[in-house]
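# Structural description and commentary
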Amino acid sequence: MEFAELIKTPRADNVVLHRPFYPAVEGTLCLTGHHLIFSSRRQDNAEELWLLHSNIDSIEKRFMGSLGTIIIKCKDLRIIQLDIPGMEESLNIASSIEALSTLDSVTLMYPFFYRPMFEIIEDGWRLFLPDQEFELLSSVTDEWRLSCVNKEFTVCPSYPPVVIVPKSIDDEALRKVATFRHGSRFPVLSYYHKKNGMVMMRSSQPLTGTNGRRCKEDEKLINATLRPGKRGYIIDTRSLNVAQQARAKGGGFEQEAHYPQWRRIHKCIERFNILQESLIKLVEACNDQSHNMDRWLSKLEASNWLTHIKEILTAACLAAQCIDREGASVLVHGTEGTDSTLQVTSLAQIILDPRCRTIRGFESLVVREWLQAGHPFQQRCAQSAYSNSKQKWEAPVFLLFLDCVWQILRQFPCSFEFNEQFLIMLFEHAYASQFGTFLGNNENERSKLKLPQKTMSLWSWVNRSEELSKFRNPLFEANSLVIWPSVAPQSLQLWEGVFLRWNRSSKFLDEAQEEMINIINYNKELQAKVNALRRQLAEMETDDKMLKNL
Amino acid sequence: QVEQVKLLDRFSTSNKSLTGTLYLTATHLLFIDSSQRETWILHHHIAAVEKLPLTTSGCPLVIQCKNFRIVHFVVPRERDCHDIYNSLLQLSRTAKYEELYAFSYNPKQNESEQVKGWQLIDLAEEYKRMGVPNDYWQLSDANRDYKICETYPRELYVPRTASKPIIVGSSKFRSKGRFPVLSYYHKKKEAAICRCSQPLSGFSARCLEDEHMLQAISKANPSNRYMYVMDTRPKLNAMANRAAGKGYENEDNYSNIRFQFVGIENIHVMRSSLQKLLEVSGTKGLSVNDFLSGLENSGWLRHIKAVLDAALFLVKAIAVESASVLVHCSDGWDRTSQVCSLGALLLDSYYRTIKGFMVLIEKDWISFGHKFSDRCCQLDGDPKEISPVFTQFLESVWNLTEQFPRAFEFNEAFLLQIHEHVHSCQFGNFLGNCQKEREELKLKEKTYSLWPFLLGEQKKYQNPLYNPDFSPELTLLEPNTVSFNFKFWRNMYHQFDRSMHPRQSVFNLIMNMSEQNKQLEEDIKELEAKIKQRNGQPDATFVKEHQQFAHSVPVALKTSPCFKKEQPLIPVHDAVRTIEGSNTADNRYSEFMEEFSKAEPAVVSLEYGVARMTC
């Protein structure tokens, strides 16, 4: 086995573990192919820590005489410290961790080895198939069709095998449009607004280049989504400047002259390297407890994190507003159509569609708008805030999306079936997981890796009632309305559950949360009892009446 | 009365507005819009009125209130606007106490109720609760006629060993005669929080009586001979004061003291800090970075942190070292009040109850002469005396409630309501600058006390998550004062900007639910009794049964199914806020639903407007 070669010292005794909020403990450290396992020696109350190697973002080592200290920084932002006696042992362990946490091959990752200890009731891999989604759609409109043009991933490598397109556009036209769009990501249906029949499409940028190339089929395709006499909006997630510059590299944007029925609106959502830097700065600011107030605020500002949140939310609100208020259809794209585009289309759906605020609906949204839509999870989530290697594909695009959802959840705490823990869980699994759901960069890669056959789906685990109970929002009351969040800076907050999670104790807040749940449960109990008693009384009364009538 | 007046949305650039009629009454400015919604503004709440240059739609009038409400009217005719402007200027500036609202406000109470209301908070009782007088501390009659210190209350507690000559001598050596007296006594630790003003030490002056006074305080604590002297000012300010013959204690002259500066800025810094904060938070189309850098530049959160850090220092001295602490600043009525009251709040869970919090404010703020009249500008006076010192205290408490959601019996609405009335001049409690002045104004005969009113509406102010047994073994709260714990208090500074608030309030929901739970418990008891009764007498006559049936109907109605739907979303403090309970008809639910389902957040439509222009 390859892993054995990487593990020179599989076990070390008398290791001291330091974690946030817990006293240091002494115990034994073991390394396996996928885990770092620490177990305390105390007989009375043995503690164990299991850490996935893939969760390790970076490690640092220091020496004090023969005592080695390894500081492990995780992708979920936690930092732990291990004191290991013996120079050689510590060096061996450090280099093993380094090697095991940066394995090149996906097929060596833990999901390929993980054997579930739970009974699978529903296979998550078969839960959210495009056909089911289309069935729902066709019950309200017949203007759309399911196209298999990408069956072998030949037309667009980052699209799923089946996509939803206007009925009047045939596969031949789609192939032509694909050649006109960056990465062949031709416009496809993202969302259908039942209330007024307006739609949201997404794509990548058109390849107009400097000489203003055009594509009749492309124009025809997106015009096919408009009602007669109606106009639509194209939301370009780049600033006008950036979009213009893109022309030099063969990209570009839709020219008014060729798309007269469309208005283009430019929003400015930053691209991945800037976002990654923002995350690194934010986490650095949150981890330093010694900052005085001015320094903390200026670091928070300099990270720009909340600015990104505001920009993304504003663009999503705009898209939702066009659809719901203006009664217009919308096409969203940026450059590749795999990052900011998906942030906007998925958040707009949360605002517009109550279904996306349920647990199942949100899972389906993540599958449709992120996994199947080809957000390159493996590239984006390879490293998190502690990465020191400057690879350029990492970016917290998905984390920003989750943060935006959290912001809306804060403002509409009763409108979501899931709670904050659910979002945090998704964040963790996107970066390191025993499940195969977030492996690969698109459906094409996932099918080549045979993930559905060889790994377990996250949804198979989450959707069991034992797990779901942790993620349910006790305050949930279905709200069928469109929910408009406030994007004023005074209304946006730092997501403490993620960024301050390891920096301060949440004991008192957790207790308050618990008490709140107690009150809610007690309320349900009492109501049930009152109803039962009333029924009993009513029965007695009817019995009496019957007696009387006799 | 002026018609066709427009009320503009403060943060909307699309000039969304409500049209309605503006009325000017003796006490309030009233705006009624076309859908009969009322906005009441008390004249005393008006901090500034500004007339902006004439526009095509009329003459804009901006009114800033002390409760951080800002309203922007557009009056169609300039002359009307000018008239309103002048009237408001006059009405909002009162020259005499007797003209304040409290002297005309009549809540339909009879005399005995009025007297009882004023007796609700009894400070003598409070000192008894703390455990004084005792072997070490006694009530001094030195200031019974306000002869030694005009700004102190009549009743003061001092160490038993501090004789009258020592008191008199010490008071002569202290600014404004505010000599060291007891503020809080910690029974278990036998340690005391004492307060005073700065010594008149200059560069080298000494006062033996004052030194004796401090010695007496440290000797009154059998658990620790050392005492802390906390100067709550920045060291530089204290040193500058020496040139004016004031200053701070020289450690060499006092035995057994440990001297400490804690660096809270003065009232002028605080005033301009708040000014900057309001400028930032009131900006239209504010970006996140402008907000954060504005927040930083205002220094507001830094000051709040400094106040809480000082309180925490005091608390640790008492709780960990059992040492007594003497707190002072310059005059000992601003920063000293903040630190002493917050210290006591952290040490003693009684002050975290609704009644206890009232007692705390009466004791450390009202009785010890925090100059509410000057600081809140109740009368037209020196603008340099205005300062948000008490607001900072409330904000510090709010920060604690955020960190310890189960430790306080009261909720945010309670703090906001107190803030409202500190400025409203509707009740007598906060009028004037010190007790002597209040007695001269005969406030207890001519005005009413706020506290019985707040207690009467207690339900609105209760924290449903409150746990009276919170950390039972020691009632001490130790807040985490790392910078990231301090947040901008949106519900204070944007209380009236509804578009910024969460659209659903967990807090109100839980509050209503725990209220409903009580009702349900009652219902269950009643129903069970009925069933038992029926089972007990199965042969009862039918007539009787019918009577009972008739009875049970209203019971069933009490928790009708619609109850749950109707209740949750009404923001409680908003209903409270409307204005001094004067218009109960204004049930904001409909407005809320409307906003909830229809209105677009101002900022989004703003963005949209901008975007459209660039298409």
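For clarity, every value in this text was computed on a predicted model and none was experimentally measured. (Residues numbered from 1 in each chain as written. Chains lettered and ligands numbered in written order. Predicted model: local features only at pLDDT ≥ 70, side-chain atom pairs only at ≥ 80, totals over all residues. Heavy atoms only, no water.)

Quick look at the sheet that holds strand S3 (residues 28-33) of chain B now. The pairing of strands in a sheet comes from backbone hydrogen bonds and takes either a parallel or an antiparallel form. Residues and elements named next belong to chain B. One open sheet holds the 7 strands; their spatial order is S4-S3-S2-S1-S7-S6-S5, and the pairing between them is antiparallel. Unpaired on one side and paired on the other, strand S4 (38-42) and strand S5 (46-51) mark the two borders of the sheet. The average undirected angle you get between the axes of adjacent strands in this sheet is 30 degrees. Bridge analysis of S5 against strand S6 (residues 59-65) gives 5 bridges, and the strand direction is antiparallel. Residue pairing for S6: Val 49 is matched across the bridge by Ile 63. (Pairing = 2+ DSSP bridges. Helix = DSSP H or I, 4+ residues; strand = E, 2+ residues; numbered from the N terminus. Axes fitted to C-alpha atoms, helices over the stretch in contact; angles between N-to-C directions.)

The next point concerns helix H14 (residues 420-431) of chain A. Residue and element names in this part refer to chain A. Taking 1.5 Å per residue, 12 residues should reach 16 Å; H14 reaches 17 Å between its end C-alpha atoms and fits that length. Among the 12 residues that make up H14, 9 are buried, leaving the element largely enclosed by the rest of the structure. Along H14, the positions that sit buried rather than exposed are Phe 422, Leu 423, Ile 424, Met 425, Leu 426, Phe 427, His 429, Ala 430 and Tyr 431. On its buried side, H14 packs onto helix H11 (359-372), helix H12 (377-380), helix H13 (397-411), helix H17 (458-462), helix H18 (465-471) and helix H19 (496-499). (Expected span 1.5 Å × (residues − 1). Buried < 20%, exposed > 50% of the residue type's maximum accessible area, 1.4 Å probe, protein only. Contact = heavy atoms within 4.5 Å.)

Listed by partner, the interface residues are 75 residues for chain A and 76 residues for chain B. Here chain A packs against chain B, burying approximately 7,100 Å² in sum over the two surfaces, 65% of which is carbon and sulfur. Two residues, Arg 534 of chain A and Asp 523 of chain B, come together in a salt bridge whose shortest N-O distance is 3.9 Å. Of all the secondary structure elements, the ones that give two or more residues to the side of chain A that touches chain B are strand S13 (262-266), helix H8 (293-303), helix H9 (305-324), H13 and helix H20 (507-549) of chain A. By residue number, the principal contributor to the side of chain A that touches chain B is H20 of chain A, which donates 24 residues. Among the residues making up the side of chain A that touches chain B, the classes are represented as 37 nonpolar, 19 polar and 19 charged. (Buried area = accessible area lost by both parts, 1.4 Å probe. Salt bridge = Lys/Arg side-chain N within 4 Å of Asp/Glu carboxyl O. Nonpolar A, V, L, I, M, F, W, Y, C, P; charged D, E, K, R; others polar.)

This brings us to the domain arrangement of chain A. Residue and element names in this part refer to chain A. One can read the domain layout of chain A as domain 1 (4-103) and domain 2 (189-416 + 463-503). Inter-centroid distance (C-alpha atoms) of domain 1 to domain 2 is 37 Å. Carbon and sulfur atoms make up 59% of the area that domain 1 and domain 2 hide from each other, which totals about 1,100 Å². The interface formed by domain 1 and domain 2 includes 0 salt bridges. Across the contact surface, domain 1 and domain 2 share 10 residue pairs in polar contact (both at pLDDT 80 or more). (Domains from an automatic or database assignment. Polar contact = N/O pair within 3.5 Å; in protein donor to acceptor, adjacent residues only side chain to side chain.)

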